[in-house]
Amino acid sequence: MNFDTLIPVIRRLALEAGDRIMQVYDGPDFAVKSKSDASPVTEADEAADAIISAGLRAAFPDVVLITEEQADSHALQASTFLIVDPLDGTKEFVQRRGDFTVNIAYVENGVPLRGVVYAPAQGRLFYTQADGSTVEETGGFAKDTAGPVTRLSVSTPDNAALMVVASKSHRDAATDDYIAKYGVKDMKSAGSSLKFCLVATGEADLYPRLGRTMEWDTAAGDAVLRGAGGHVVRFDDHTPLAYGKQGWDNPFFIAYAPGVVLQK
């Protein structure tokens, strides 16, 4: 993969998908359907997926494409692929809470090397550059020209006073019990893959996820955090979270800045 080619394409497609999502978000009431797993899906998910999928297939026709909204792709198996969640945080979208994101990632040999996470309602755009470093872009988000960027780096955490971010829609007692093993200064809730980005910016030190996720939920955020110096590991044995797994399910995981002393 030529990353100098890849990055402008995935950045542009994320912005285009974000525009379409916001048309639905800012419009009148929209229909919410249920998928086979009972999770919600809206016309915004489907329209964003159509934009991104068409763009990726045109630009990279020989690369396997996995996307949440196309069930046929879930039967594929690959270790190198593009993976898309066109609207992560549909529950936040439906409730108009703003914490939803567009996610596109490139995975090579099971490792998420490059990605983009765009939160259109919040006006925040995070992505890896061609060299693998992660930036947050500010400005008007022109489709074909990147604006000013800030290089991101994870925090240097104080293990006696950690900043923790956890899921807004999927908090449970097990997560709270695990967080209680740490010295916590403050805790915030966020939806979707924004939690990875908050660790990447240094706004949080630790994000544990003791719940079901799929690879398309995490790959772009994982790439963004990796490019800022962070890690994402399995909850059970603290080995790196791998991609290209059968069925595309993730185990429980922990995303963190390297200075955090992980608890079992």
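Where an unreviewed UniProt entry is consulted, the protein appears under the name 3'(2'),5'-bisphosphate nucleotidase CysQ, with the organism given as Cypionkella sinensis. Under Subcellular location (unreviewed entry), UniProt gives the following word-for-word description of the protein: "Cell inner membrane".

With 17 residues, helix α2 (residues 43–59) extends 24 Å from end C-alpha to end C-alpha; this agrees with the ideal 24 Å at 1.5 Å per step. Of the positions making up α2, those classed as buried are A44, D45, A47, A48, D49, I52, S53, G55 and L56.

On to helix α5 (residues 194–201), then. Each turn of an α-helix holds 3.6 residues, which means side chains three or four residues apart point in the same direction. In terms of residue burial, α5 counts as a mostly covered element, since eight of its eight residues are buried. Among the residues trailing α5, G202 stands out with phi positive, at a value near 90 degrees.

Following the UniProt record, the feature "binding site: Mg(2+) 1" (unreviewed entry) maps to E68, D85 and L87 here. On the basis of their most widely separated C-alpha atoms, the annotated residues across 20 residues gather in one place, lying no more than 9.1 Å apart. Tracing the backbone shows E68 in the loop between β3 (65–67) and β4 (81–88). Inspection of the secondary structure puts D85 in strand β4. Setting aside anything within four residues of it in sequence, one finds D85 in contact with E68, T101, V102, N103, W216 and D217.

The sites that UniProt annotates as "binding site: substrate" (unreviewed entry) are E68, L87, D88, G89, T90 and D217. In summary, the annotated positions, though distributed over 150 residues, converge in three dimensions, the widest C-alpha pair being only 12.4 Å. Relative to the helices and strands, D88 resides in strand β4. Judged by relative accessible area, which is 10%, D88 ranks as buried. With residues up to four places along the chain from it excluded, the contact list for D88 reads D99, F100, T101, N103, S192, S193 and D217.

What counts as what
Residues numbered from 1 in each chain as written. Predicted model: local features only at pLDDT ≥ 70, side-chain atom pairs only at ≥ 80, totals over all residues. Heavy atoms only, no water. UniProt positions renumbered as here; feature names shortened; annotations may be inferred. Helix = DSSP H or I, 4+ residues; strand = E, 2+ residues; numbered from the N terminus. Expected span 1.5 Å × (residues − 1). Buried < 20%, exposed > 50% of the residue type's maximum accessible area, 1.4 Å probe, protein only. Contact = heavy atoms within 4.5 Å.

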